[in-house]
Amino acid sequence: MKIVFMGTPVFSVPCLASLTEAGHEVAGVFTQPDKPKNRGHKMQMTPVKEFAVEKNIPVYQPLSLRKGDDAEKSLEILKQINPDCIVVVAYGQILPKAILDLPKYGCINVHASLLPMYRGAAPIQRCIIDGVTESGVTTMYMAEGLDTGDMILKEAVSVSEKMTASELHDMLAQTGAKLITETLKRLEAGTATRTPQSDENTCYAQMISKEDCRINFADSAKNVYNMIRGLSASPCAFTFLGDKRLKVYFAEPADGEYDFPAGTVVNTQNFTVVCGDRKAVKFTDIQLEGGKRINVNEFLRGRKIEENTVLG
């Protein structure tokens, strides 16, 4: 099958790799424009572009597929390629109807949730934050709505109580790679089913903002713990120790109950912090502004925290 692949981050790469390994003709890759990164502001290719360049696949990086010269040029390129199918995995742009209607087999999306739950930009982080015990991947026909198209295949995975968003991300990326190859097999064979999504039992996984990452210790210890693992390792939960930002990569639920204000460090030997329900979390993996990411025990050997310090 002749395919155009649209994707941008690390999550997309296993799907692209699986398509090339399965023998499909990937005739072009669309990905977001290169961006400056880190202190040197050196332009950096997207992970999908890096893979495509390595495999000598033509790469296109339009600013927009919906308006302007880039949109017109992109539509013409796609018409010239005339793909049987467009596969979209975390591309980061909304496709216009003219592109959705172009391929013979349609535009197929790989989404990191069990739709119709967790439509939107941040399904992996949001499901961990919500404390769910099951996630998965769905392939679907793309429609003009956001993640609302008819579903083709689903595969569920279990989410343990200690799993971080990064761990779930890697698991779902591999699941998606397996699912997209099976989906294309069924499309070619004419056996792919279409299951409409219900709008009744759904939720929206809104993009994570900076403010979403600030720990609210007035919440329950369970919710704080889920938030920390749901944002690990990126974009990462944070609080303030004095006037310095403190990133918290991981924590554990702590034993006992404490009659202290939320946010108080109640054990300075292992960085235990009380939450709004009088229960607590114990930080295990942190990074203080200006320093490196380290284990809490190592951090506390080099820095004393005063009793009853309140994080904010």
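Structure: see above.
In this report, we go over the structure that sits alongside the text. (Residues numbered from 1 in each chain as written. Predicted model: local features only at pLDDT ≥ 70, side-chain atom pairs only at ≥ 80, totals over all residues. Heavy atoms only, no water.)

### What to know about the pairing of strand E14 (residues 280-288)
Relative to E14, strand E11 (residues 244-254) runs antiparallel, the two sharing 8 bridges. The residue of E14 that forms the bridge with Ala251 is Phe283. Taken together, the 3 bridges between strand E13 (residues 272-274) and E14 define a ladder with antiparallel strand orientation. Each residue of the ladder has a partner; that of Thr272, found in E14, is Lys282. Relative to strand E15 (residues 294-295), E14 is paired through 2 bridges, and the arrangement is antiparallel. (Pairing = 2+ DSSP bridges. Helix = DSSP H or I, 4+ residues; strand = E, 2+ residues; numbered from the N terminus.)

### Topic: the sheet that holds strand E1 (residues 2-7)
Spatially, E5-E2-E1-E6-E7-E8-E9 is the arrangement adopted by the 7 strands of the open sheet, whose pairing is mixed. Whereas interior strands pair on both sides, the edge strands pair on one side only; in this sheet they are strand E5 (59-60) and strand E9 (151-158). As judged from the 3 bridges shared by strand E6 (residues 85-89) and strand E7 (residues 107-111), these two strands associate in the parallel manner. Counted as the bridge partner of Val88 is Asn109 from E7. On top of the sheet, helix H6 (residues 165-189) reaches E1, E6, E7, strand E8 (134-141) and E9; it is set at about 150 degrees to E9, its chief contact. (Contact = heavy atoms within 4.5 Å. Axes fitted to C-alpha atoms, helices over the stretch in contact; angles between N-to-C directions.)

### Digging into the pattern of salt bridges
For the structure on display, the rule yields 10 salt bridges. Residue Arg186 pairs with Glu182 through a salt bridge whose shortest N-O separation is 2.9 Å. Here Arg186 and its partner Glu182 are both found in helix H6, 4 residues apart, which amounts to about one turn of the helix. The exposure class of Arg186 is partly exposed, given its relative accessible area of 32%. For Glu182, a relative accessible area of 29% gives the class partly exposed. (Salt bridge = Lys/Arg side-chain N within 4 Å of Asp/Glu carboxyl O. Buried < 20%, exposed > 50% of the residue type's maximum accessible area, 1.4 Å probe, protein only.)

### So, the layout of surface pockets
Counted as a void, the second largest pocket has a volume near 260 Å³. Its residues placed into classes, the lining of the second largest pocket shows 5 nonpolar, 1 polar and 3 charged. (1 Å grid on protein atoms, 1.4 Å probe; cavity = no way out; pocket = protein on both sides within 12 Å on 5 of 7 lines; lining within 4 Å. Points joined across faces, edges and corners; volume = space filled by probe spheres on them. Nonpolar A, V, L, I, M, F, W, Y, C, P; charged D, E, K, R; others polar.)

### Some thoughts on the state of the cysteines
As enumerated under the stated definition, the model contains 0 disulfides in all. Cysteine Cys107 is unpaired, with the sulfur of Cys85 as its nearest cysteine sulfur at 7.1 Å. Looking at the unpaired Cys203, the closest cysteine sulfur is the one in Cys127, lying at 9.2 Å. Overall, Cys203 belongs to the partly exposed group, its relative accessible area being 24%. (Disulfide = S-S within 2.5 Å.)

### A look at the environment of Tyr204
Along the chain, the position of Tyr204 falls in the loop between H6 and helix H7 (221-230). Look at Tyr204 and you get exposed, because its relative accessible area is 51%. Expressed as a C-alpha distance, the spacing of Tyr204 and Arg126, which sit 78 residues apart in the sequence, is 9.0 Å.

### Here's the deal with the nonpolar core
With 43 residues, the main nonpolar core has Phe5, Val87, Leu168, Leu184 and Leu187 as its most contacted residues. Ranked by residue count, the leading element in this core is H6, at 8 residues. Not counting residues up to four positions away in its chain, the partners in contact with Leu168 are Ile124, Cys127, Ile128, Ser135, Val157, Val159 and Met163. Cys275, Val281, Phe283 and Ile286 belong to the second largest nonpolar core, which has 32 residues in total. (Core = buried A, V, L, I, M, F, W, Y, C linked by side-chain atoms within 4.5 Å.)

### Focus on the side chain of Ser113
With respect to the helices and strands, Ser113 occurs in the loop between E7 and helix H5 (123-129). A distance of 2.6 Å separates a polar side-chain atom of Ser113 from the backbone oxygen of Met117. Setting aside anything within four residues of it in sequence, one finds Ser113 in contact with Tyr118, Pro123, Ser135, Gly136, Val137 and Thr138. (Polar contact = N/O pair within 3.5 Å; in protein donor to acceptor, adjacent residues only side chain to side chain.)

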